[in-house]
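# Residue-level structural notes
Single-letter residue listing:
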Amino acid sequence: MADDRSTGTESVTVPLDRLASTCRALSRQPRARLACAAAENDPRCPGAFAVHYVFSLPERSLYSSVGAPIPASAPSFASLTPLLPAANLHEREIREFFGLTPVGHPDPRPNLLHELWPEGTHPLRRDFDPAAARSGQPAPDYPFQRVQGEGVFEIPVGPVHAGIIEPGHFRFSVAGEPIINLEIRLGFVHKGIEKLAEGRTPAEALSLAERVSGDASFSHGLAFCQAVERLAGAEPPPRALLLRVVFAELERLYNHLGDIAGIATDVGFAFGAAQMLILRERVLQRNRELAGHRLLRGIVVPGGVTADLAGSSAESLRSFLASLLADFIEVERIYLEADSLMDRVEGTGVVPRKVAEDLGAVGPAARACGVDEDLRQDHPYAAYAELPFQVQLQEDGDVAARMAVKAAELRESVSLISRALDRLPEGPCRSGLPDGNPAAGTALGWAESSRGEVLHRLTLDSQGRVARLKIKSPSFSNWPLLSWAVRGEIVPDFPLINKSFNLSYSGNDR
Amino acid sequence: MFDIIRRNLKTGQVTVPVTAGGDPEFELVGAELKAKLSRLLNGRSLHVREVDAGSCNGCELEITGLSTPVYDIERFGIHFVASPRHADVLLVTGPVARQMELALRKTYEAAPEPRIVIASGDCALDCGVFAGSYAVYGPVESVIPVDIRIKGCPPPPMSILRALLAAVDRL
């Protein structure tokens, strides 16, 4: 792995029997968080694999990766889940997609793959045969957790929901109104993006990265491009790094505005929702004027950005943001004074801080529980190192806290954009990569999207083509929080609590 | 709140200045749609059920945008409904993910005839960048009959409005 301190990453390979103890030592470092776990095929030895655990070590501004080879003769590894609950879904994914058994894992069920696939379907293995998988006998029905007792009943919801949102299945166990247990079953929009990327050039794979989650197109594209740049040893010009901050914060702005509107919608506060959505639409239209695409697609490329803020557009963006912020503050005041809204959001959907830490929560959902983490500060990328800002924290972990974090971050985003514009030097906004293909090897790229940590772990082969692309979206880290947040709450509050996280189904399912 | 309401009353519709800058056609197509609907449906709205069959959520972002005050598509008589049982039109996005194929089929079967189907976005038309994946079943028309097709990644609000106008012509 391309590792030295300047890349902000390090990686070690250990024998398989020392993997768990090495990870345990890393997990005990201050503020350490398991960011992702991924498997890969061994390029040299068919049927052999490797697994990697990636930890965020913010105190050292470092992503530390621990890997171990797995021989073809014994496709298994010791599960870290009993020790690190954050490893749960990552290890379930490794089992279903690679057929590697995490020994000691408490939950043997698949995570993303549904029963239409025969047992033994492992799509990311090199010898996977899609035709055989399509024609085989479907796997047995997925066993949901059963809550039993007098008066307990189940409410199944989805995959097709009432609103204009993505598909997923929620299985509530309730006794009367309060929710005893919520089981979330996703994977409906699984598109096999990681497999599809294999064999493509980085330029071809970029269009896939931008479509992992449409409302995080720029962040996913940015994380992917940074991984390519690390492998190529290329640094985009200073102007490009600042412009990346501008576009990344514009993406955060429109998403946070939409999220805050959604909370108002779900409590029936139509006035508040309408006002926020007007602001969101203004940002989307401005994106199109600045960069040619409302969702900022096709802007970030390896080596820089394709959209320069030429001439007066920087100045007009500045005045646009000033008026946007003034309008936002006015509507925000109305939110905070609306008892009908605040009664519903305060104390609703609480995630305890300990749960957020144990499950490896990221982004505003984690910061709303007081967990101090933000990649822009912990692992600075683009030009964030030269643009100090305040990480926005709340303590209560409820819907109100998540809304407050997003509202405060809106202000920070406006300030970050305006300071980035102040510093914008003359010069190109894009540089070519060094001649030839990027070096073979593995590198990480990351970005703090509006939902939190986007992580791309990219391996290129000697022809410069993608050998493995592991994509960890913030939604994958945060979906389990929702099950915790709704416990003991009443079913009618579920849409509100769900909206306060506003997680991406497509980002989770890929 | 009342300050803003008072000012809004003076401002008038936000739809006018914003769309006049970008897309004056939006108002024209909308007016045509409204006229047709009031003739064909006796004054009731056209009921649209949105189905995400595997999209990246970019299409959903734009479709929800249609209901914001800036476009306010309900004023033309377009109403997004919560159930396929109430739908005149299914607006389907995404390549059909294998794991959504059955749900899409069932949603279609649940809708009353004539159930006009709009395949919305490049992925819905030909799977877009996701073509060739083991996890993708195929374009929308490989699962249910498609009446109207919209290009775009994602299709902008104007394209969706035009497709709805075309859907009314099929009623």
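Along every chain, residues carry numbers that run from 1 in the direction the sequence is written. Chain letters and ligand numbers both follow the written order, the letters beginning at A and the numbers at 1. Confidence filtering applies because this is a predicted model: local features only for residues at pLDDT of at least 70, side-chain atom pairs given and counted only at 80 or more, and all residues used for totals across whole chains, interfaces and linings.

The helix count covers DSSP runs of H or I at least four residues long, the strand count covers runs of E at least two residues long, and both are numbered beginning at the N terminus. Within chain A, the secondary structure is distributed over 17 helices and 14 strands. Both definitions apply: the radius of gyration is a C-alpha atom measure, and the globule rule equals 2.2 Å times residues to the power 0.38. Relative to the compact-globule value of 24 Å for 510 residues, chain A shows a C-alpha radius of gyration of 22 Å, a close match. Along the three orthogonal principal directions, the C-alpha set of chain A runs to about 70 × 65 × 45 Å. Per-residue burial for chain A yields a buried fraction of 55% across its 510 residues. We call two residues in contact whenever the C-beta atoms placed from their backbones are within 7 Å. Pairs at least 24 residues apart make up 69% of the contacts formed inside chain A by residues separated by at least 6 positions. Each residue is classified by how many other C-beta atoms fall within 10 Å of its C-beta atom, where C-beta atoms are placed from the backbone; a count of 20 or more means buried, 12 or fewer means exposed, and values in between mean partly exposed.

Here the focus is the nonpolar core. What makes a nonpolar core is a set of buried Ala, Val, Leu, Ile, Met, Phe, Trp, Tyr and Cys residues, with links drawn between C-beta atoms within 7 Å. If you look at the biggest cluster of nonpolar residues, it comprises 204 residues, and the most contacted ones within it are Val245(A), Phe247(A), Val92(B), Ile118(B) and Leu164(B). No other element matches the 16 residues that helix α7 (residues 238-266) of chain A contributes to this core. Excluding residues within four positions of it along the chain, Leu164(B) makes contact with Leu33(B), Leu46(B) and Ile78(B).

In this assembly, 40 residues from chain A lie in contact with 38 residues from chain B. Elements supplying a minimum of two residues to the side of chain A that touches chain B: α3 (130-135), α4 (193-197), α5 (202-209), α8 (270-291) and α9 (313-337) of chain A. Looking at which element gives the most residues to the side of chain A that touches chain B, the answer is α8(A), with 7 residues. Nonpolar residues are Ala, Val, Leu, Ile, Met, Phe, Trp, Tyr, Cys and Pro. Charged residues are Asp, Glu, Lys and Arg, and all others, Gly as well, are polar. Split into classes, the residues belonging to the side of chain A that touches chain B amount to 21 nonpolar, 12 polar and 7 charged.

Next up on the list: the pairing of strand β2 (residues 33-41) of chain A. All names here are of chain A. Of all 9 residues that make up β2, 9 are buried, and the element is covered over most of its length. Relative to strand β3 (residues 49-57), β2 runs antiparallel, the two sharing 8 bridges. Note on β3: the bridge partner recorded for Leu-34 is Phe-55. For two strands to be treated as a pair, DSSP must find at least two bridges joining them.

To continue, consider the sheet that holds strand β9 (residues 179-185) of chain A. Residues and elements named next belong to chain A. Reading across from one edge, β7-β8-β9 is the order of the 3 strands in this open sheet, with antiparallel pairing throughout. Edge strands, defined here as strands with exactly one partner in the open sheet, are β7 (152-157) and β9. Here the average twist between neighbouring strands, direction ignored, is 15°. Inspection of the sheet shows strand β8 (residues 169-175) paired to β9 by 6 bridges, in the antiparallel sense. Bridged to Phe-170 within β9 is Ile-184. Axis lines are fitted to C-alpha atoms, over the contacting stretch for helices. Their N-to-C directions set the angle, which ranges from 0 to 180 degrees.

Another aspect to go through is the confidence of the model for chain B. All names here are of chain B. Per residue, pLDDT measures the predictor's confidence, with a range of 0 to 100. Here chain B averages 89 in pLDDT, while 93% of its residues score no lower than 70. Long-range and interchain partners of residues 16-21, a stretch whose pLDDT sits below 50, account for 4 contacts in this model, where long-range means more than four residues apart. Both scores are available for the predicted complex, with the pTM at 0.95 and the ipTM at 0.92.

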